[in-house]
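In case you want the letters, here they are:
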Amino acid sequence: MYEQQEEYLVVVKYDVKLFLDLVHLKFRLQRVDEELCKVKKKCIERGLLGKGSAKLRKNLKLFEASADGYRERLEQIKLQKKDNLKKMKAVEQCLERDGSTQCC
């Protein structure tokens, strides 16, 4: 029952009326996931660069102060990816069900 609720919420939220709308939504959500992966990679690279350049004691303190923001940003990305993957799963279930305009 829970999966059907998720499917219904995605269909309503994104105003899906046709099977083709589901296909477009799936591709859009895949692009969002790819972008989140790129942002995460850049964030991790910046964090590693900051850590590597923090050899001096005062630079290390600055890095440690910014590390909380870094971890918070990674956590935000993680939550966004989780939400996006949940939506993609609901869309894929709708597509698998039978291709009808009403998933639920």
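Residues numbered from 1 in each chain as written. Predicted model: local features only at pLDDT ≥ 70, side-chain atom pairs only at ≥ 80, totals over all residues. Heavy atoms only, no water.

Visitor: What is the right way to look at the overall build of the chain in this model?
Guide: For the chain, the helix and strand inventory stands at three helices and zero strands. For the chain, the α and β elements follow one another from N to C terminus as α-α-α. Expressed as a percentage of the 104 residues in the chain, the buried residues total 25%. Long-range contacts, defined here as pairs at least 24 residues apart, represent 77% of the contacts in the chain between residues at least 6 apart. Total accessible area computed for the chain in this model is approximately 7900 Å², and 57% of it derives from carbon and sulfur atoms. (Helix = DSSP H or I, 4+ residues; strand = E, 2+ residues; numbered from the N terminus. Buried < 20%, exposed > 50% of the residue type's maximum accessible area, 1.4 Å probe, protein only. Contact = heavy atoms within 4.5 Å. Areas by Shrake-Rupley, 256 points an atom, 1.4 Å probe, with all protein chains shown as cover.)

Visitor: Please clarify how the pattern of salt bridges should be interpreted in this entry.
Guide: A side chain with one charge may pair with a side chain of the opposite charge, provided their charged atoms come close. In the structure shown here, the tally under the stated rule is five salt bridges. Among the salt bridges present, the one from Arg97 reaches Glu7, with a minimum N-O distance of 2.8 Å. Within this pair, whereas Arg97 is found in helix H3 (residues 57–97), its partner Glu7 is found in helix H1 (residues 2–13), the two being separated by 90 residues in sequence. Given a relative accessible area of 39%, Arg97 falls into the partly exposed group. A salt bridge links Glu35 to Lys38, with the shortest nitrogen-to-oxygen separation between them at 3.7 Å. Here Glu35 and its partner Lys38 are both found in helix H2 (residues 19–53), three residues apart, which amounts to about one turn of the helix. Note on Glu35: relative accessible area 45%, which makes it partly exposed. (Salt bridge = Lys/Arg side-chain N within 4 Å of Asp/Glu carboxyl O.)

Visitor: Quick question: what am I supposed to make of a nonpolar patch on the surface here?
Guide: Together, Tyr8, Leu9 and Val12 give the surface a local cluster of nonpolar side chains, amounting to about 310 Å² of exposed area. Along the polypeptide, Leu9 turns up in helix H1. (Patch = residues over 30% accessible without salt bridge, like charges linked within 9 Å, V, L, I, M, F, W, Y side chains within 5 Å.)

Everything listed is a geometric property; what it means functionally is a separate question.
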